[in-house]
Amino acid sequence: MYFSWKRNLIVLWVGVFFCSTAYSISIPFLSIFLSDELGVTNHLEIWSGVSFGITFLASALISPFWGSLADKYGRKPMLIRSGFSLAALYLINYFVHDPYVFLLVRVLQGLLAGFVPAAIAMVATNTPEDKMGYALSIMSTAGATGSIIGPLIGGVVSYYTSNRAAFLFSAVIVLVSALIATFFAKEHNFNRSAPRSHVADDIREARSNRAFITLLTLAGISTFSVMILEPLIPIYLLDMGISKTSASLSSGIVFSAVGIATVIMAPQWGRIGTRKGFGTILFIGLIGGGIGNILQFFVTGYVEFALLRFAYGLFYAGVLPSVNAMIVQVIEPGFRGRAFGLNQAASQLATMAGPIVGGLLGAFLPIRWVFVVNGLLLLGAALLVKTRKLDKQITATHEAMLKERAALPE
């Protein structure tokens, strides 16, 4: 078992890394792609926000359904389905010339996504309990590493070839994820005889678990705080004086700063959380992330901005892995696919809302004020962790779950 869970962790880490890389390739130049390649000239901020957000709205609506299928038929089939589907859709993006067709493809990407939550659920189900926090923290570095490499690839490819050609790289890279899932990922002792649940029943069961609902709320807030800035950073860099020809590459470097920080700190937060409690790590991460965002209001230079984004990332690296580790503590193994499907839905709703709200705020306010709003939001989330006494709530729920499990007949 020891070898198998570590083997799966490595395989799934590589798969999520490639999938995250494929997604993040287009981040630095999406606004520029809309204007230069698709002819969007009016309300570019709003178009950028909607283009980011519409994918995640579709994903949020469908994620509980995919989570239900994952618990019935296995997480590996969900990896294969999403991987090959996304590879085809990234390829289609290369041929798109109309902004409305581009939005349609973005919707389909959301409806057929699900690689990352299925991988996280597989790790959560096939890893020993005492290694869970560490394993989930390691998994968070896969997405972070992809977010480092992806924008750099996207920036370099768009700079030396074209923005459109970068979608071909995305298609090839996510195809690698699908092949890795098909041939190397292993799911152990999966019982497919149980009836498949209905999404409405899953939601009712989740609502009865107060600790889980609190964690979903925190996951949504944390994700929203990241995504509210996604469509604005390339425009913000242009305001700083970065030339349009190098804006994609500069954006890639800035986006990568947070990812580098996550790769460095997420495993450390995982080890500390295992000893000290993940609620403590979550609180520290939210406080540090909130202050880091507010400080970005005062930065006017590109280099200082990138360095401060890196410092912010060192704290934020502990947030989502802590949320995932605590979800595992309060959810039965048989419900984990659905739990992470619901977690994905909450995160994707926030991912959808963030760019749209960010685009609207960027159209009516100086972008630097969005950093202040974002920082206050994270500080409010930290206050929620303390006022809800989340650590005690998680411990009580976990103990009750263990007692209920022990009372069941063998």
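In what follows, the structure referred to is the one given above.
To keep things clear, this report deals only with the structure shown in the data block. For clarity, every value in this text was computed on a predicted model and none was experimentally measured.

**Considering the overall build of the protein**
Stage number 1. Each helix and strand counted, the protein has 18 helices and zero strands in total.
Stage number 2. For a compact globule of 410 residues, the expected C-alpha radius of gyration is about 22 Å, and the protein comes in at 20 Å, within 12% of that figure.
Stage number 3. Projecting the C-alpha coordinates of the protein onto the three principal axes gives extents of approximately 65 × 40 × 35 Å.
Stage number 4. For the protein, restricting intrachain contacts to residue pairs at least 6 apart in sequence, the fraction spanning at least 24 positions comes to 87%.
Stage number 5. Accessible area of the protein: about 16,700 Å², with a carbon and sulfur share of 69%.
Stage number 6. In the protein, which carries 29 positive and 19 negative side-chain charges, the distance between the mean positions of the two groups comes to 5 Å.

**Here we look at a nonpolar patch on the surface**
Stage number 1. Taken together, the side chains of I46, L360, F364, L365 and W369 define a hydrophobic patch exposed on the protein surface, amounting to about 500 Å² of accessible area.
Stage number 2. The residue L365 is located in the loop between α16 (336–364) and α17 (367–387) in this model.

**Describing α17**
Stage number 1. With 21 residues, α17 extends 31 Å between its outermost C-alpha atoms, agreeing within 8% with the 30 Å of an ideal straight helix rising 1.5 Å per residue.
Stage number 2. Along α17, the residues classified as buried are I367, V370, F371, V372, N374, G375, L378, A381, A382, L384 and V385.
Stage number 3. A positive backbone phi angle near 50° is found at K389, which sits one or two residues after α17.

**Some details on the side chain of Q344**
Stage number 1. Within the fold, Q344 resides in helix α16.
Stage number 2. The residues contacting Q344, other than those within four sequence positions of it, are S59, S63 and P117.

**Concerning the environment of S48**
Stage number 1. Turning to its location among the elements, S48 is positioned in helix α3 (residues 44–73).
Stage number 2. The sequence separation of S48 and M227 amounts to 179 residues, and the corresponding C-alpha distance is 12 Å.

**So, the environment of L378**
Stage number 1. On the secondary structure map, L378 appears in helix α17.
Stage number 2. Residues L378 and W5, spaced 373 residues apart in sequence, show a C-alpha to C-alpha distance of 34 Å.
Stage number 3. Those residues in contact with L378 that sit more than four places away from it in its chain are S222, S225, L286, G289, G290, N293 and Y312.

**Here's the deal with the nonpolar core**
Stage number 1. Core analysis: the biggest nonpolar cluster contains 90 residues, and L79, F212, L282 and L286 have the highest contact counts within it.
Stage number 2. Filtering out sequence-adjacent residues up to four positions away, L282 remains in contact with L218, V319, S322, V323, M326, V385 and L390.
Stage number 3. Membership of the second largest hydrophobic core comes to 19 residues, among which are I233, L237, F305 and A350.

**Looking at the packing of aromatic side chains**
Stage number 1. With the rule as written, the count across this model stands at 12 aromatic pairs.
Stage number 2. With a centroid separation of 5.4 Å and an interplanar angle of 75°, the aromatic rings of W47 and Y100 are classed as edge-to-face. Residue W47 is located in helix α3, and its partner Y100 is located in helix α5 (residues 99–111); the two are separated by 53 residues in the primary sequence.
Stage number 3. Note on W47: relative accessible area 18%, which makes it buried.
Stage number 4. Through a chain of ring-to-ring contacts, the aromatic side chains of W13, F17 and F18 assemble into a single cluster.
Stage number 5. The ring of W66 has R81 lying over it, and the distance from NZ or CZ to the ring centre is 3.6 Å.
Stage number 6. Stacked on the ring of F297, the Lys or Arg R368 has its end atom at 5.7 Å from the ring centre.

**Focus on the packing of helix α10 (residues 210–227) against α17**
In a pair of packed helices, the angle between the axes and the distance between the axes together describe the arrangement.
Stage number 1. It is at 10 Å that the axes of α10 and α17 come closest, and there the two elements cross at 165°. Compared by their axis directions, α10 and α17 come out roughly antiparallel. In the packing of α10 onto α17, the handedness of the crossing is left-handed. Between α10 and α17, the contacting residues are T217, L218, I221, S222, F224 and S225 on the first element and N374, L377, L378, A381, L384 and V385 on the second.
Stage number 2. Partitioned by chemical class, the residues of the contact of α10 with α17 number eight nonpolar, four polar and no charged.

**Some words on the side chain of K76**
Stage number 1. Structurally, K76 can be placed in helix α4 (residues 75–93).
Stage number 2. For the buried K76, which has no salt bridge, the nearest side chain bearing the opposite charge is E187, at an N-O separation of 7.9 Å.
Stage number 3. At 3.2 Å, the side chain of K76 forms a polar contact with the backbone oxygen of T182.
Stage number 4. Among the polar contacts listed, one links the side chain of K76 to the backbone oxygen of A185, at a separation of 3.0 Å.
Stage number 5. Excluding residues that lie within four positions of it along the chain, K76 makes contacts with M122, A181, T182, A185 and E187.

**A look at the pattern of salt bridges**
Stage number 1. Counted according to the given criterion, the structure contains two salt bridges.
Stage number 2. Of the charged contacts in the structure, one is a salt bridge between E37 and R164, with a shortest N-O distance of 3.5 Å. With E37 in the loop between α2 (30–36) and α3 and R164 in the loop between α7 (132–160) and α8 (166–183), this residue pair connects regions lying 127 residues apart in the sequence.

Thresholds, definitions, all that
Residues numbered from 1 in each chain as written. Predicted model: local features only at pLDDT ≥ 70, side-chain atom pairs only at ≥ 80, totals over all residues. Heavy atoms only, no water. Helix = DSSP H or I, 4+ residues; strand = E, 2+ residues; numbered from the N terminus. Rg over C-alpha atoms; globule rule 2.2 N^0.38 Å. Contact = heavy atoms within 4.5 Å. Areas by Shrake-Rupley, 256 points an atom, 1.4 Å probe, with all protein chains shown as cover. Lys, Arg positive; Asp, Glu negative; His and termini not counted. Charge placed at Lys NZ, Arg CZ, Asp CG, Glu CD. Patch = residues over 30% accessible without salt bridge, like charges linked within 9 Å, V, L, I, M, F, W, Y side chains within 5 Å. Salt bridge = Lys/Arg side-chain N within 4 Å of Asp/Glu carboxyl O. Expected span 1.5 Å × (residues − 1). Buried < 20%, exposed > 50% of the residue type's maximum accessible area, 1.4 Å probe, protein only. Core = buried A, V, L, I, M, F, W, Y, C linked by side-chain atoms within 4.5 Å. Phe/Tyr/Trp six-rings, centres within 6.5 Å; stacked < 30°, edge-to-face > 60°. Lys NZ or Arg CZ within 6 Å of the ring centre and 35° of its normal. Axes fitted to C-alpha atoms, helices over the stretch in contact; angles between N-to-C directions. Parallel < 35°, antiparallel > 145°, perpendicular 65-115°, else oblique. Left-handed = near helix turned anticlockwise from the far one by under 90°. Nonpolar A, V, L, I, M, F, W, Y, C, P; charged D, E, K, R; others polar. Polar contact = N/O pair within 3.5 Å; in protein donor to acceptor, adjacent residues only side chain to side chain.

In short, shape yes, function no, at least from these values alone.
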